[in-house]
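# A structural walkthrough
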Amino acid sequence: MKKTKINQGLLAFLTLAAGVLSPASVFATNPYNINYTGGAELGADNVTINPTLINSLTPLIKESDGSNLKFSSSSKWETGGYVQWDDRCDPIQYIKIWNNRTRSSITDDISYSITGEKYVSNIKIKNIVTEDLPDVLAENEDNMTVGVNKYNGWLFVGFEIFEDAQCTTKKEGIKNLKTDDGGKIFVETEISLSKKGETTPFASDELYFGITDIDQAQSYKILNHGGDLLSKNNMFAVSATSLQPIDDTLKNMFVESGHYIYSQYNETHVNNVDGSNVLVKIDTDSQADGLEVVYGFVKQAGSGINYYAKQYVVSYKSDENGSVTGIKNENVISGLNPTGSTVTPNKNYAFEYWTADVDVNLTDGTTIKAGEKLTPAQIKKVVVNQDIVFTGFNATESKIIAPDTGYFTGEQENASFIFGIILPVSVTLTLAAITIINRKKHTVGFKK
């Protein structure tokens, strides 16, 4: 799949030139063509309103999994800082930037991952572009920051950094980004998802990317070509009213020609208390290549990074002659397969087979009707597209060893046929041999 990419050579040149030329002249306009003007209000005209779909989707990584963060070994990362966020003081790992320059060269691996229960989200910071940041940063060699909140894995940009976990002592030389500064910071990321323990990108036809909590003078743009450019066809929300703040003249906007979302601002900014969320359906090509998302900031703000998927509950239970000793419930993304479970039979019983409470299809196209027998191997090939309950059945050990079916199986019939032929022949030959021996023992010799 083709992607919209910045000319990396040009970007490298401009980054180098920033150290020589007047900083204010380097990035007069950003290369992503994201402008905080024009467009139409974000709503039903440009977003598909589908509460049923939205309510069926769940995040693949919980925010509480943010503690399971792993950062690349880049020397640009700085640790030991904290960030004030509402009434919390959270630890943060960050890199420093300054006016119209970037601390991340193109060759640096500035990345991190968030590991959840089953999935891993991998985020690489590819480029950081600034536009019209205040000259005071260059003159005083002060910095702003692009960081990762270590509590939830959110991308935090433009925050002041504190020395202590109570957020009382600020770090020297770090400024926060404010709307009245007139500057902007754009962070280009490449985001992919993988299953825990695997390195290949995860792919599903029911995978969605979250553009969440849209406000705070932020902007969002996906660079991948094809079906992932933001449009009404792939953007979904629970309602039109949820996309806009209540009783506010400033609005969340969508620029259809540029395929990006932004929040209006002046001396203040859009502040949607309840959060405005758009979930974007991602095609499998972009899942394999990595989703390229640009986050824009005009003031200090945080952006959540997460995937959502349609999942079904697969449950396992046993009949009265055993108990489930493996997993009892699992969430399986639509179109994927269960991991399966195990049943421990009661004394004098042995596991026999599984059944499903609904008709299921296997990956080879086979349909197994509800109540029909399933092997453990077949369960792992079931294509999940609804909630399923699998029940394990156990039988007495004698039945498993010598099943009483009421009729011969093919193997039994063949054995009986062979036995029926071999036994008479063997008996006949044995009797003949005995007769010959006896005849020899009773033979009378005559002298001539």
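Residues numbered from 1 in each chain as written. Predicted model: local features only at pLDDT ≥ 70, side-chain atom pairs only at ≥ 80, totals over all residues. Heavy atoms only, no water.

## Topic: the overall build of the protein chain
- What the protein chain contains, in helices and strands, is seven helices and 28 strands.
- Per-residue burial over the protein chain gives 46% buried out of 448 residues.
- Long-range pairs, those at least 24 residues apart, make up 75% of the contacts in the protein chain with a sequence separation of at least 6.
- A total of about 22,700 Å² of accessible surface is found on the protein chain, and carbon and sulfur atoms cover 52% of it. (Helix = DSSP H or I, 4+ residues; strand = E, 2+ residues; numbered from the N terminus. Buried < 20%, exposed > 50% of the residue type's maximum accessible area, 1.4 Å probe, protein only. Contact = heavy atoms within 4.5 Å. Areas by Shrake-Rupley, 256 points an atom, 1.4 Å probe, with all protein chains shown as cover.)

## Concerning the pattern of salt bridges
- Under the criterion given, the structure shown has nine salt bridges.
- Two residues, E163 and K171, come together in a salt bridge whose shortest N-O distance is 3.4 Å.
- As a salt-bridge pair, D181 and K178 come within 3.9 Å of each other at their nearest N and O atoms.
- Classification of D181 as partly exposed rests on a relative accessible area of 23%.
- Counted as one network, the salt bridges with shared partners bring together K126, E190 and E292. (Salt bridge = Lys/Arg side-chain N within 4 Å of Asp/Glu carboxyl O.)

## Description of the environment of E117
- The residue E117 is located in the loop between β7 (111–115) and β8 (119–131) in this model.
- You can call E117 exposed: its relative accessible area is 64%.
- The spatial distance from the C-alpha of E117 to the C-alpha of I61 is 7.2 Å, given a sequence separation of 56 residues.

## Description of the state of the cysteines
- Under the counting rule described, the total for this entry stands at one disulfide.
- Across the disulfide, C89 is cross-linked to C167 (sulfur-sulfur distance 1.9 Å). Across the S-S bond linking C89 and C167, the dihedral sits near 85°, which makes this disulfide right-handed. With C89 in strand β6 (residues 88–97) and C167 in the loop between β10 (155–157) and β11 (184–195), this residue pair connects regions lying 78 residues apart in the sequence. (Disulfide = S-S within 2.5 Å.)

## Things to note about the sheet that holds strand β1 (residues 40–41)
- Sheet architecture is open: nine strands sit in the order β1-β15-β16-β13-β18-β11-β8-β7-β4, paired in antiparallel fashion. Two strands close off the open sheet at either side, each with one partner strand: β1 and β4 (69–71).
- Judged from the three bridges that link them, β4 and β7 form a sheet pairing that is antiparallel. Each bridged residue has a counterpart across the sheet, and for K70 the counterpart in β7 is S113. (Pairing = 2+ DSSP bridges.)

## Some details on the pairing of strand β20 (residues 307–318)
- Within β20, nine of the twelve residues are buried, which leaves the element mostly enclosed by the surrounding structure.
- Sheet topology note: the strand β3 (residues 57–59)/β20 ladder contains three bridges and is antiparallel. Following the sheet pairing, P59 is matched in β20 by Y308.
- Note that strand β12 (residues 207–211) and β20 share three bridges and pair antiparallel.

## A closer look at the pairing of strand β13 (residues 218–222)
- The buried fraction of β13 amounts to five of the five residues, a majority that puts the element mostly inside the structure.
- Because side chains alternate across β13, one face comprises the buried residues Q218, Y220 and I222, and the other comprises S219 and K221, equally buried.

## So, the packing of aromatic side chains
- On inspection of all chains with the given rule, the structure shows 17 aromatic pairs.
- Arranged with centres 6.1 Å apart and planes meeting at 50°, the rings of Y32 and F186 form a pair that is tilted. Of this pair, Y32 sits in the loop between α1 (8–17) and β1 while F186 sits in strand β11, and the two are 154 residues apart along the sequence.
- Accessibility expressed as a relative area gives 3% for Y32, which makes it buried.
- Centroid distance Y260 to Y262: 6.2 Å. Interplanar angle 40°. Geometry classified as tilted. In this pair, the class of Y260 matches that of Y262, namely buried.
- The positively charged end of R88 is found above the aromatic ring belonging to Y151, 4.2 Å away from the centroid. (Phe/Tyr/Trp six-rings, centres within 6.5 Å; stacked < 30°, edge-to-face > 60°. Lys NZ or Arg CZ within 6 Å of the ring centre and 35° of its normal.)

## Let's talk about the nonpolar core
- With 71 residues, the main nonpolar core has Y112, V146, L155, I185, F209, Y295 and F390 as its most contacted residues.
- Ranked by the residues each element gives to this core, the list is headed by β20, at five residues.
- Not counting residues up to four positions away in its chain, the partners in contact with L155 are Y112, I125, V146, G147, V187, Y295, F297, A301, G302, S303 and I305.
- Grouped together as the second largest cluster of nonpolar side chains are 13 residues, Y32, Y36, F186 and V255 included. (Core = buried A, V, L, I, M, F, W, Y, C linked by side-chain atoms within 4.5 Å.)

## Points about unusual backbone geometry
- Although it is not a glycine, D86 sits at a positive phi angle of roughly 55°.
- Tracing the backbone through its elements, the reader meets D86 in the loop between β5 (78–85) and β6.
- For D86, a relative accessible area of 66% puts it in the exposed group.
- Positioned with a positive phi, N348 is a non-glycine residue whose angle comes to about 70°.

All quantities given are derived from atomic positions and should not be read as evidence of function.
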